[in-house]
Every structure is written in C-alpha cells, then in structure tokens.
Protein chains: 2
Amino acid sequence: MNVVLLSGGSGKRLWPLSNEVRSKQFLKLFKNGEGEYESMVQRNCRQLAEALPGARVLIATSRAQVPSLKNQLGGDALLCVEPERRDTFAAIVLSCACLKYELGRPDNEAVIIAPVDPYTEPGFFGSFELLEAALKETGCALALIGSKPTFPTAKYGYIFPEREGSEPFRVREFKEKPSEAEAARYIEEGALWNCGVFALTIGRALSYARKYINFASFAELERQFTALPKISFDYEVTEREQDIRVIEFSGLWRDLGTWNTLAEAMDSPYYGEVVFGGDCEGTSVINELGPPVLVMGLKNAVIAAGPDGIIVSDKRESSYIKPYVEAMELRPQYVEKAWGHYVMISPAREGSGSSARQLFIKKDRAIGPKTRGDRSLTFASMSGEVLLKIGEKELTLKAGDSLRVAPGEEYTLSALEDSCLIEIQLDKT
Amino acid sequence: MNVVLLSGGSGKRLWPLSNEVRSKQFLKLFKNGEGEYESMVQRNCRQLAEALPGARVLIATSRAQVPSLKNQLGGDALLCVEPERRDTFAAIVLSCACLKYELGRPDNEAVIIAPVDPYTEPGFFGSFELLEAALKETGCALALIGSKPTFPTAKYGYIFPEREGSEPFRVREFKEKPSEAEAARYIEEGALWNCGVFALTIGRALSYARKYINFASFAELERQFTALPKISFDYEVTEREQDIRVIEFSGLWRDLGTWNTLAEAMDSPYYGEVVFGGDCEGTSVINELGPPVLVMGLKNAVIAAGPDGIIVSDKRESSYIKPYVEAMELRPQYVEKAWGHYVMISPAREGSGSSARQLFIKKDRAIGPKTRGDRSLTFASMSGEVLLKIGEKELTLKAGDSLRVAPGEEYTLSALEDSCLIEIQLDKT
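Computed from a predicted structure; not experimentally measured. (Residues numbered from 1 in each chain as written. Chains lettered and ligands numbered in written order. Predicted model: local features only at pLDDT ≥ 70, side-chain atom pairs only at ≥ 80, totals over all residues. Heavy atoms only, no water.)

Undergrad: Honestly, the interface of chain A and chain B in this entry has me stumped. Any pointers?
TA: The extent of an interface is frequently quoted as the accessible surface area lost upon association of the parts. Counting from both sides, the interface comprises 59 residues of chain A and, opposite them, 59 residues of chain B. Summed over both sides, the interface of chain A with chain B buries roughly 4,200 Å², with 69% coming from carbon and sulfur. Three residues stand out in chain A for area buried against chain B, namely Leu-294, Met-296 and Met-382 of chain A, and they jointly supply 16% of the buried area on that side. Here chain A and chain B share two salt bridges between them. Taken together, the links from chain A to chain B amount to 21 residue pairs in polar contact (both at pLDDT 80 or more). The element best represented in the side of chain A that touches chain B is strand 19 (residues 309-314) of chain A, accounting for six residues. (Contact = heavy atoms within 4.5 Å. Buried area = accessible area lost by both parts, 1.4 Å probe. Salt bridge = Lys/Arg side-chain N within 4 Å of Asp/Glu carboxyl O. Polar contact = N/O pair within 3.5 Å; in protein donor to acceptor, adjacent residues only side chain to side chain. Helix = DSSP H or I, 4+ residues; strand = E, 2+ residues; numbered from the N terminus.)

Undergrad: Just checking my understanding: could you explain the sheet that holds strand 25 (residues 385-390) of chain A for this structure?
TA: Adjacent strands of a sheet form backbone hydrogen bonds with each other and so pair up, either parallel or antiparallel. Residue and element names in this part refer to chain A. If you trace the four strands from one edge of the open sheet to the other, you get 23-28-25-26, paired in antiparallel fashion. Across the chains shown, the open sheet's two edge strands, defined by having one partner strand only, are strand 23 (366-371) and strand 26 (393-398). Here the average twist between neighbouring strands, direction ignored, is 15°. In this sheet, strand 28 (residues 410-415) lies alongside strand 23 in antiparallel orientation, the contact comprising four bridges. Considered in strand 28, the bridge of Thr-371 is made with Glu-410. (Pairing = 2+ DSSP bridges. Axes fitted to C-alpha atoms, helices over the stretch in contact; angles between N-to-C directions.)

Undergrad: Before we go on, may I ask you to explain the relation of the copies chain A and chain B in this structure?
TA: Look at the two chain copies: a rotation about an axis and a shift along it is all it takes to match them. Of the transformation placing chain A onto chain B, the axial shift is 0.0 Å and the rotation is 180°, giving an RMSD of 0.1 Å. Both copies are brought into coincidence by an operation consistent with a two-fold rotation axis. The rotation axis passes nearest to the C-alpha of Ser-402 of chain A in chain A, at a distance of 3.2 Å. A high fraction, 100%, of the interface residues of chain A reappear at the interface in chain B, so the copies pair face to face through one surface. (Least-squares fit on C-alpha atoms with pLDDT ≥ 70 in both.)

Undergrad: Help me understand the packing of helix 3 (residues 87-102) of chain B against helix 7 (residues 202-210) of chain B, please; the structure alone is not making it clear to me.
TA: Two numbers describe a pair of packed helices, the interaxial angle and the distance between the axes. Residues and elements named next belong to chain B. Helix 7 packs onto helix 3 with a crossing angle of 125° between their chain directions and a minimal axis gap of 9 Å. The angle between the axes of helix 3 and helix 7 places the two elements in the oblique class. Every pair of crossing elements has a handedness; the one defined by helix 3 and helix 7 is left-handed. Between helix 3, through Phe-89, Val-93, Cys-96, Ala-97, Leu-99, Lys-100 and Tyr-101, and helix 7, the contact on the second element is made entirely by Ile-202, Ala-205, Leu-206, Tyr-208, Ala-209 and Arg-210. (Parallel < 35°, antiparallel > 145°, perpendicular 65-115°, else oblique. Left-handed = near helix turned anticlockwise from the far one by under 90°.)

Undergrad: What is the right way to read the side chain of Lys-24 of chain A from this model?
TA: Mapped onto the secondary structure, Lys-24 of chain A falls in the loop between strand 1 (2-6) and strand 2 (28-31). Leave out the neighbours within four places in its chain, and Lys-24 of chain A touches Leu-14, Ser-18, Asp-117, Asp-255, Leu-256 and Gly-257 of chain A.

Undergrad: Hey, could you run me through the packing of aromatic side chains in this one?
TA: The geometry of two aromatic rings is summed up by the distance between their centres and the angle between their planes. Per the stated rule, a full pass over the model turns up 38 aromatic pairs over all chains. Relative to Phe-233 of chain A, the ring of Tyr-208 of chain A lies with its centre 6.0 Å away and its plane at 80°, an arrangement referred to as edge-to-face. Highlighted residues: Tyr-208 of chain A in helix 7 (residues 202-210) and Phe-233 of chain A in helix 9 (residues 233-238), separated in sequence by 25 residues. Each member of the pair, Tyr-208 of chain A together with Phe-233 of chain A, is buried. Summarising the aromatic geometry, the rings of Phe-160 of chain B and Tyr-186 of chain B are spaced 5.0 Å apart at their centres and angled 75° between planes, so their arrangement reads as edge-to-face. Residue Phe-160 of chain B is found in strand 9 (residues 158-162), and its partner Tyr-186 of chain B is found in helix 6 (residues 180-188); the two are separated by 26 residues along the sequence. Judged by relative accessible area, Phe-160 of chain B falls into the buried class, the value being 3%. Every member of this aromatic cluster is reached through a ring pair, and the members are Phe-89, Phe-198, Tyr-208, Tyr-212 and Phe-233 of chain A. Positioned over the ring face of Phe-215 of chain A is Arg-210 of chain A, at 4.3 Å from the centre of the ring. (Phe/Tyr/Trp six-rings, centres within 6.5 Å; stacked < 30°, edge-to-face > 60°. Buried < 20%, exposed > 50% of the residue type's maximum accessible area, 1.4 Å probe, protein only. Lys NZ or Arg CZ within 6 Å of the ring centre and 35° of its normal.)

Read these as geometric descriptors, not functional statements.
What follows is the structure, given as structure tokens:
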C-alpha cells in the first residue's frame, strides 16, 4: 500500500510553540506507550507502521520542514520535497509522480492521501485497507474516510453519504464549515466529518496534472511545478468529481489545530514545570521553558510558554490567535535542525552585531561543511564532545573548550556524543 | 536631617520578578521624569533628594542586597549592613549606632526611619521636616506619619489620632490589619494608614538597645548583634511607648506589596513586549523576557514573566502567592550584582556538572579577584571589552574572543566598556 502524508502548515495557530519553521505536527506533547513524549508526526508514523506494517509511506513536505522531519523520523524517512509551497493539489500530484517515476509504482495502484497531523488511533490507519478495497471494488474516482461526529463544530467540513445498501456509500454532497446550529442539523441527518483522507489511483492523480503540463519523469514535473495552479485538491478535484464514495470511521479522530482543541486532547492539564494555586478550573498549561509557571484562580484558560513567547488566553478566544501572531514581528527562538535543535540566547544589545545560540547536536550528526563569509563564529562547549574541522585542521572540543572560526573558513562540527555548545556569531566589520 | 531607609524583604510576593536576592524595591517598573524605568529604591532616593536636598540618607540592609543597592544607587550610597537578618528593631538600632559612632551625629539629633519601598511622591518626603519639628516641639518619644486612607483595606495598619487642637495629634490606639468592614468603620472614625515612618532621637533609639547589651562603638554593637531580640520595632517599642504623636499626610502613598496593588499603580497595563487580543479587561502584564506575551480574552488578571518563571493569576488571588512560591524549589535565574547582573542559561542536561550564565558587566566595574578551586570557567565575549587578569597575566577579551580559567587560578574581569560575556562553569572531575 502507498500512503502519502501531507506535512504542511505554518504553525501560527499554536504559537508560541509552533512557528514558521516548527509546525504543530512537530510539537512533542503526547506520550507514547513507553511514557516518552512524541510529536504528531512521530505518533502517526508509529501508529501507521503498527496498523499497516508493509505500507510505503511518503511524506509530502516543504524544504523548511526537512530538518524537523529528519530529526524526528530519522534519515530513512521517504520525503517528497516541493520546490515551493503551492497548496495541496500540486503537492499531491508531485508525490504521485514520485511514486510512479522514482519508486516504480504502476498507474493502477492505489495511493492513500492523508494529513500528517490528525489526533487519532491505530484503527484509523487500519481502515486505509478498507478504503483501498472500496476504490478497487467500485472503480470510483475517489474514496474518502468520514469520521462519525461526536459534537457539532463549525471547524470541520461535513460529508453527506447516501446511506443505501452497505459501505462504501456514495457521497451526495459536501458542506464546508457550517455554523454550530447547522452542524447539529447535519449530524442528525447522518453527515460525517471530512478527515481529509482519500484514495485514488496514481494514474488518475497524474491525469489531473496533465490538464496543465506534460511530463514523463519526476524531474520534468518538478521543473514545471510552478505551472500547476496554486489551489487545494478539494477545490480542483473533489468538488468536480461525480463518483465519490465514503467509508465510515467511528473511532477517535480530531484535528488539534487550535490551543483549545489541543488542550482538551492532552492526557494531563499541564506539561512541564507548572504549579496550580487558588481555584483553577478547566485550565491547561504547557510550559516548554525551564523555570516554572504558577497559575492562580484561572478559569477556562490555556497557557503556553516557550522560547518564542507566551500565550495566555481564554480557551474559546484562543481559536482567533492567527491575526495577532501574523502582526507580530517574530524571529523563531527555538529551531529544529536535522542535527538537533538550537535556542537563541538574548542579544547583548539590539543592533550590536553579535548574537548567540545554544546548540544541541545529536550523537553522530554534523553541522556543515559550511562557510560564513560575513561573520566569525566562536564555539564554547558546555557538554559532550565534537570534532571541529576547520579547513584541513581537526580538533576535539570537550566541555569547557572554546574556539573561533574566522569569516570565510570552512568548518564542520561532528558530534561524537550528544553535545551542547554556545555559538557566538559576530558580524565582520 | 538624618534618614534611615529600611531595605528588607525576601521578595516572595512579587515572584517571579523578585526572588530571594532581588526584593521588590529593585524592580524597575516605573518611569522617571526622563521616561527611563527606575526601581522603587531609585525612585524614593531621587524623590527624597529632591524634597530634602541636604538630608543624610543611610540605608539599612542585609549583605544579600548590597550588590543590588550599589548597582542601582552607585558606589557612594551610605549603607549600614546587618551581620544577619534580625527584624526591624535590631536593624534600626544598628543604623542609629552607625549615625552616632561612625558619622558623629549627636544623641539629641532626630532620625527619621522609613521603609525604602512605598509608592509615593516627593511631598511625602518633604513632610519628614514636619515630623522632625513635631518631635522637637512636643518632646514625644515617637512621631509618626499617618496617610489619609482612600479605600478600606485589610492590608495596612491603622492609627487612631486624638483630633484635639492642631497637629501633631496624640495617638490613641493602633489597629493592625482589620477586616475590610472594620477598616471602613475605622476610616469613618478618622483613622489613618500607618506608613511605617517615624522620627525619634538617636539617643533614644540606642537606649532601647541598652536594655539588652552595653556598647560604646559601632563595632561593639555589631559584635553583639545576635544578642538583640529578633523582633519588629513595632512590637518592641511602638506598642509600649505612651507618648506617640502623628502628623497627617494626604498625598499619594501606597504599599505595592502584591501583584494586584502593583498592577493598579502602573502607568500602563503593560510593561515590555505585550500584545492584547480579544476582549481583555482589567488585565496587567509585565514581561521582562525578550519574546512577546500574547493575551486574549482575559479579565482581571495579572501576568508577570521573567527569567525566574511566570505567574498568571486572577488579580485578587495574586495576594495569596507566598505559600506556593515557598513550596517551589527555585534557583534565581536573574541576579543583580555590584558589577551589573547575570542571567542563567538553561543547563545542557541536569546533573551534567556544567552550567552557563550570561554576564552583563558595567563599564569600569569588575568581577574578582576570585578563585574557584572546584571548577573551571570559560569566558566567551559577545560584546564590549574586558581586561582579564589571570594570576600575573593580563589579556583583553573583545567580542568573539574566548578563554578558559583553570580551577584554582585567581582571576579578575574588569570592564573597559559595558560588556556581555557567556561564562561556562565546569565542575572539576
């Protein structure tokens, strides 16, 4: 089975833990079976592997997310990297071209397209087999999964099945984000939440793209990527197709896209160092900083604190965060990289031409080779052991050691164990 | 005129901005005439100097506060440092011994004792002259200032004057921290808030101490400091004295001891990087961190964020913070020193034996000479210029330079300009 997981999103709705380089699917807020925190990407890839051990999983993503994906999934994950962000239609087409031309899958094979970030359970991924079967048996254009609604919400799209005979049902109609009252009526009428999951054949997916461009290889499609319309797959395809079927999934499925939905799904009302005092009710706190958060007498609030900032919000209001985050001039303070992650250290003075970061490099990973013509870098080690190569020279940096790399010098930092370094960047004057 | 300002307090009620080494009087939250932020210590010393240009001001304090006082008031401030914390009776006696034996003031001269941290105006300090005059004219044991109450509160003590004739009135009675209903009745009866300010003669102050010990010099008293009872001046003296007078002050006077009172006195509902979204009402935010705080839909709350942690509290509840702060295991993350201040950088790993701080050293000030036998120190400069002396060696550290001081080596860091350095401490193994 072929599965394409769409990994997009700019992470504004879960600021400050998410930012332009750290989308919500990378936040580690849920525990796995061993009690370790894992991200939605890790959780869903784990559940998918449990439910469908043989599945070929390709992650459709942008360049900005490659470091986080490699960091969280390891270097072996199959990634299909878009030359630029162009909405889901182009991303899906590109992934299917990757399956056909790079991985040699035939046109008549099915592919399941799914978002990378729903909050769900292994059974959800297990139902992908039913979806594939539905596609084959009916020969329909698209087969969808509809999740049985548990409450009326204006946040999801609704699918209306024609409930005649057995599954897969024909889809009569779609309704996008209705009012809560409308949603309640839809649910009474038997509508399902649209999970954004669908199966189609690789050949059919590519035929949609051939309306715009000709290509006979992955590279050819990649080169003409910008000629594809910047539109969602729903608008370009789903709304126009006549023969769409749906199967029903009645287990756990949620889109944790906002602080209030995320807070409600968490196992515990707090994460990290948190103290509740006074009369707190319905309040969730996520603290990614070291020092504690003390909360007193707060009702129905959500608090999240991380290196990028702090949000304190009434739970309902937290859905409307986006314009405020867009208006702020933010520079990510916490950034995940293929080699680990870094956290910015406060500047000594604004505009002083110097900045500092705390680098956390994982064992056997490396930064570089790199050259910075415009600045010098001073590395001072806090822990671990790294091999620093400058030009032809090689030295070992252990805790307490420090060294400067001059502007223009090529350097590579290879971690022999998990290591932490302070890096001071100084503009060349 | 002699003025003793009592600078005490452990700063639990204004956590996280105050901590065990940074009491509330050192927080810079109010603007001076030039629009620069100043602390209550700086504000009150400035207002005192404006109102009473010739006054001799002595600050009674503990060893822990000396760095902050020197940092904020400069090296010339007169400090009387207690050998250990022993409540206000011992602190006042020691200061008066300092005035007599070290500064040569005669026994019959008046001294005005006042807390260092009320939120008030220059006229308050101007009224110290009336207080001194009242002491002289009546020959009373103690002359107090009573502030005209503006609302009934359970947080202050109340003074009941006998309103016969003109000021200074005799004091009939004191009532400590009544209920709000009682406070309202007291105010109707003409009671005044006790500002904790009083005048007495130096000789009388010393005579109180002679009940317990004999001394004929400051050093003699200092040596026997622990033989003085650990008790407040109110309990030891004020409650027992018969002839106490009071003058009335009707200007601005507040004790900003809790987040809600502090928030209400602030010129603006926010300090630092703060964005309000949604429907916020009666909410104050103080952000000492670099990244922003976004607040949405919060009513009557106070939020304070600093390197030591974050409090988010209903305004009323914020008065009851103390037991929660006492129960937390906290290590100060922001610490003021005579040479500037430092902020802790997150540890690489708990228990790794290495830690890092970001040092901000002011021009012409110095750290050391110091020797650390148990650890090495690596300094890496972010900005400015420091002279680093290690044993007999002298070197200059500019931005981008770094150097290690081995365990046992004596070193001094002298800042030639305002400088910022990262210091990595590594336990000797």
